[in-house]
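Close look at the chain arrangement
These are the residues of each chain, in order.
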Amino acid sequence: MSSLLQRPTGKRVLLMGTCLCDAFYDDVARATVEVLEHLGVSVEFPENQTCCGQPAFNSGDWIASRKVARHTAAVFAGELPVIVPSGSCAAMNFHGNPLQFEENPDVSIDSLARRTWEIMDFIYNGLGIKKWPGKFPETTRIAFHRSCHSRGTGSGEATLKLLESVENALVTPFGQAEQCCGFGGTFSVTFPHISGRMGSLKLDHILETNPDILVSGDMSCLMHLNGLAIAQGRPIKHLHAIQILRNSLP
Amino acid sequence: MIGIQPIDQYARDISDEKQHSVIDGSAAGTDKRYYVLHKDYPDPDALRKLAAAIKDHTLHHLGDYLAKAEKSLTQRGVHVHYAATDEDARQTILTILRQHNVAQLTKSKSMAAEEIHLNPFLIDNGVECLESDLGEFIIQLDGDEPSHIVKPIIHKNRRDIAKTFLREGICSDYNDDPGTITRRARVHLRAKYMEAQAGITGANFVCADTGRLVLATNEGNSRFGMAPVPLHIALVGIEKIIPEEKDLAVFLNLLGRSATGQQLTVYTEFINGPRSANQPDGPEHMHVVFMDNGRTDVLASNCKEILRCIRCGACQNVCPVYRQASGHAYRSTYGGPVGAVLSPILFGSRFPELADLPKASSLCGACNEVCPVDIPIPDLLLRLRDKAKRESIPSAGAIPMSPFATLATSPSLWRTAMTMSKAMNHLPIQVAPIKPLQDWLGQRTLPESHGGDFRKWLKNRKEVRS
Amino acid sequence: MSRSAIFAKIQSANAALKTRAAYPKYDMVLVHSLPKLEGTDLWEIFARNFSAVNGKPMDSVSQLIDFLKTNQQLHGYCDPALFDAIGSRLAAAGLIVETEYHRDRYDDYQFGITRATGAIAESGSVILDDDRTSHRLAALSPWVHVAVLERAEIHRTIPDAIAAFGDSSNIIWCTGPSKTADVEGILIEGVHGPGEQIALLVKGGC
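Parameters and conventions
Residues numbered from 1 in each chain as written. Chains lettered and ligands numbered in written order. Predicted model: local features only at pLDDT ≥ 70, side-chain atom pairs only at ≥ 80, totals over all residues. Buried ≥ 20, exposed ≤ 12 C-beta atoms within 10 Å, placed from the backbone. Helix = DSSP H or I, 4+ residues; strand = E, 2+ residues; numbered from the N terminus. Arc of directions from axis to C-beta. Contact = placed C-beta atoms within 7 Å. Nonpolar A, V, L, I, M, F, W, Y, C, P; charged D, E, K, R; others polar. Pairing = 2+ DSSP bridges. Axes fitted to C-alpha atoms, helices over the stretch in contact; angles between N-to-C directions. Expected span 1.5 Å × (residues − 1). pLDDT = per-residue confidence, 0-100. Parallel < 35°, antiparallel > 145°, perpendicular 65-115°, else oblique. Left-handed = near helix turned anticlockwise from the far one by under 90°. Domains from an automatic or database assignment.

**Let's talk about helix H9 (residues 158-167) of chain B**
Residue and element names in this part refer to chain B. Looking only at H9, the buried set comprises Ile-161, Ala-162 and Phe-165. Buried residues of H9, viewed axially, fall in a sector of 100°; they line one side. Turned more than 90 degrees from where H9 packs its buried face, Arg-159 and Arg-167 sit exposed. Immediately downstream of H9, the backbone of Gly-169 shows phi near 75°, a positive value.

Dropping the structure here:
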């Protein structure tokens, strides 16, 4: 964690858009840019970025995932902070990569690890914005799913505090919050039954509190939960936390 | 490779009744642990990290501490034995029992004894060996396997147990009241304690400085099992050593709270020798068998942190995969996250057969968060997935990753693929001949592709600006 | 043979370590549970925590007699060393008190009164030490176990109780009645050992 505390901050950053935003959730990446610019941060998006390499890493194919990690580290070379609208891709950079390179440490991998911030963590702890000047027109009940990859990082606390500070936002706790949504990337493909049941249980707990919006810092969790919810005939409005920050701005 | 992952299959085929027992039991365990630890400590994490540091230190100097524990025990009249393998451990115990003409004994719950299948072995060799922990007693009556480290019959309900008692002649009528079940076991087992000639236990900790073995139980069965008998044999994994007695304060405070939400288990017993001369009850002879059985291989591996484990079961309780699949899905003594790491490497020759266990995790990290000795279980699972891949062990439902790596390291190809993925919006991809994809989509609806839209927006915006 | 093989494997595994973890220095205060230690009087702290684990703290023999009579536990064992101070008063109140424990009649004893050699305020535990307490079985087989202790023997914390272990080869901490939750997680007391655990405080000198 000490290395996390020394992460660089500042008003110029590189955006790591994530493959999910690239493929499905373009508005989350847009919201990330818009919120950062609102805070006076200039955002660069390296064109050659692809994916953080997590699918291969989690499958145990570290030959493949190291290749992707090296590519990513080269694309994001330099000294600027790297901002990611995903707890899981951020954790890949600062935790997964050092793990898969532990036998053969690599300076570019270490550099990327040291500079990576999950977006909400960056706003709250990097830029020191402790209160968000946003407002909903009426009371909005938010179910906040803390994505698993934010465990042990500053992201969960940062997201909760920022969401709670939005006027008229009511973050409502739900049962068994520590439980995973069941996505886990390739896990949901190789363990379809367990993954599906985990997701359904999570949905039961969330829907029990009758939220207006389901919010998370990871679109992968939301994609999984909503994918199940639609198939089960109980769709739920879901947004990334950064979209809440942007949408609530006056 | 096509096919279904064994643990996913267990979860698919498990009865609703059994699954509910497991989910309810483990969720209650998680809640109690959380409540008690946070009520009593402002920062439980500091305690977990301290416990981890003490364990790491001990493991890194295990030879010294083990020798010290041996010396402490020997000086106090305890016979110390070593068993390199499971077979050595079984034979050592049998030899001791024969020297003392033991025909009947009771055994309190010990994961180490489970690991070497001690009961069936002793019974085959003519020694009546009765489990005295209520849960383990029921497991033994049923010829079943424990499915949880701390709550062995978490997968059973009162009706199952009442039927077993009736079938096995523990009682003459069916009664599924938990109080009645417990009373009946009490009467049955105390007669057995009195008849027995030996007691076998495990140990939760061994203090190197004084040799004191620590036994933590709630029922009082290990205390009772040893009070009327002349012989005590303790089977202990070599990783159970801690440096000093004072460190027990750290571990005992964590063990009870993590396991069952208690500050301490009801009975915490400290033993480093035969009974004293002025005490009429208790064994005159004490033997300790220190067992390796794969532990030194684990110590030499890149998953050595798993040897910190104090067998509290908190990781099982919190694990969403364990909750869905039950402990039996893990096909070895240790279930849940700890088992997914430990089993494939502790029983080294079984690695190919158990290499699927580390894959049965969404890597959510809840196990690490609750672990009283802060074992980085997700990291260890990942290292074992890497090991399985390097050893080319086939895996059901695995998706080949080299095409992905090629795509993800070819930026222009990647951008094209993103844009092309939009075409999928108009194709019924459910018909694609990919079994895992079909299974996935059978339960979930994929969002609409917006491939490349963000990049386009960014580009247009820049053009507008300039 | 096993011994040398195991030590050789440990040595070879640890020889490969780049660094070996040092023994961490720590302040014992870290393991104290401050909410459990609230208060100044050790008996009061003990009694609160002991009650929380369903133990029954008592500070008079008449209270014990009432309890045993109310619960129809009328026949038991008393450590001969405690007979004058406690057993004789139970006998005078009409209970049957034996000062010898006979294993073959283990079911006859409904209560057992033995010497506790200490207690832990923080956890609500009574301590039995083989060297200084009578029959282990008399504290185990009866439905009611009465552990007799003096105020000066109460340790404040768990670390204090560990530091006071001394040389005894067998020490046990009893934190409430014997219990299980093996059947559907439902708490049942009195599995193998006592269903009632009493701590009886006596004035010094018994």
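So that's the structure; there's more coming.
**Considering the interface of chain A and chain B**
Opposite the 53 residues of chain A that make contact, chain B presents 54 residues. For the side of chain A that touches chain B, a count of residues per class yields 25 nonpolar, 19 polar and nine charged.

**Points about unusual backbone geometry**
In this structure, Gln-176 of chain A is a non-glycine residue whose phi angle is positive, near 45°. The class for Gln-176 of chain A is partly exposed, based on 16 C-beta atoms found within 10 Å. Although it is not a glycine, Leu-363 of chain B adopts a positive phi angle of roughly 60°. In this structure, Leu-363 of chain B sits in the loop between helix H17 (351-354) and helix H18 (366-370). Classification of Leu-363 of chain B by C-beta neighbours within 10 Å gives buried; the count is 25.

**Comments concerning the sheet that holds strand E2 (residues 104-107) of chain B**
Whether parallel or antiparallel, the strands of a sheet pair through hydrogen bonds between backbone atoms. All names here are of chain B. One open sheet accounts for six strands, arranged E1-E10-E7-E4-E2-E3; its pairing is parallel. The open sheet is flanked by strand E1 (79-83) and strand E3 (128-131), the only strands paired with a single partner. Each strand axis lies, on average, 20° off the axis of its neighbour in the sheet, ignoring direction. For strand E7 (residues 231-237) and strand E10 (residues 285-291), the ladder comprises seven bridges, and the chain directions are parallel. Of the residues in E10, the one forming a bridge with Leu-235 is Val-289.

**Comments concerning the arrangement of the chains**
Take the two pairs of chains in contact: the one carrying the most contacts is chains B and C. The two partners chain A and chain C share no contact, and the minimum distance between any of their C-alpha atoms is 12 Å.

**Section: helix H12 (residues 219-231) of chain A**
Given 3.6 residues to a turn, an α-helix orients residues that are three or four positions apart in the same direction. Residue and element names in this part refer to chain A. Over its 13 residues, H12 runs 18 Å from end to end, which matches the ideal 18 Å to within 8%, given 1.5 Å per residue. For H12, the buried fraction is high: eleven of the 13 residues fall into the buried class. Considered for burial, the residues of H12 that qualify are Met-219, Ser-220, Cys-221, Leu-222, Met-223, His-224, Leu-225, Asn-226, Gly-227, Leu-228 and Ala-229. Just downstream of H12, Gly-233 is the residue with a positive phi angle, here 70°.

**Overview of the confidence of the model for chain B**
With 97% of its residues at a pLDDT of at least 70, chain B reaches an overall mean of 94. ipTM for the predicted complex: 0.97, alongside a pTM of 0.96.

**Quick notes on the interface of chain C and chain B**
Each partner contributes to the interface: chain C provides 62 residues, whereas chain B provides 75 residues. Secondary-structure elements contributing two or more residues to the side of chain C that touches chain B are helix H1 (2-15), helix H5 (158-163), strand E9 (170-174) and strand E10 (179-180) of chain C. Looking at which element gives the most residues to the side of chain C that touches chain B, the answer is H1 of chain C, with eleven residues. Counted by class, the side of chain C that touches chain B contains 31 nonpolar, 20 polar and eleven charged residues. Sheet topology places strand E9 (residues 267-271) of chain B next to E9 of chain C; five bridges connect them, and they run antiparallel. Counterpart to Thr-268 of chain B in the pairing with E9 of chain C is Trp-173 of chain C.

**Some details on the packing of helix H5 (residues 62-75) of chain A against helix H7 (residues 107-115) of chain A**
Residue and element names in this part refer to chain A. The contact between H5 and H7 brings their axes to 9 Å, and the two run at 65°. When the axes of H5 and H7 are compared, the pair comes out roughly perpendicular. Pair H5 / H7 crosses with left-handed handedness. When H5 is examined against H7, the residues Ala-69, Thr-72, Ala-73 and Ala-74 are found in contact with a partner set consisting of Ser-108, Ile-109 and Leu-112. In the contact of H5 with H7, the residues fall into five nonpolar, two polar and no charged.

**Observations concerning the domain arrangement of chain A**
All names here are of chain A. Partitioning chain A into structural domains gives domain 1 (2-126) and domain 2 (135-247). In this structure, domain 1 and domain 2 have C-alpha centres spaced 22 Å apart. Taken together, the contact between domain 1 and domain 2 spans 26 residues of the former and 23 residues of the latter. Of all the elements in the fold, those that place two or more residues in the side of domain 1 that touches domain 2 are helix H2 (19-23), helix H3 (26-38), helix H4 (54-59), helix H6 (87-100) and helix H8 (119-126). Split into classes, the residues belonging to the side of domain 1 that touches domain 2 amount to 14 nonpolar, eight polar and four charged.

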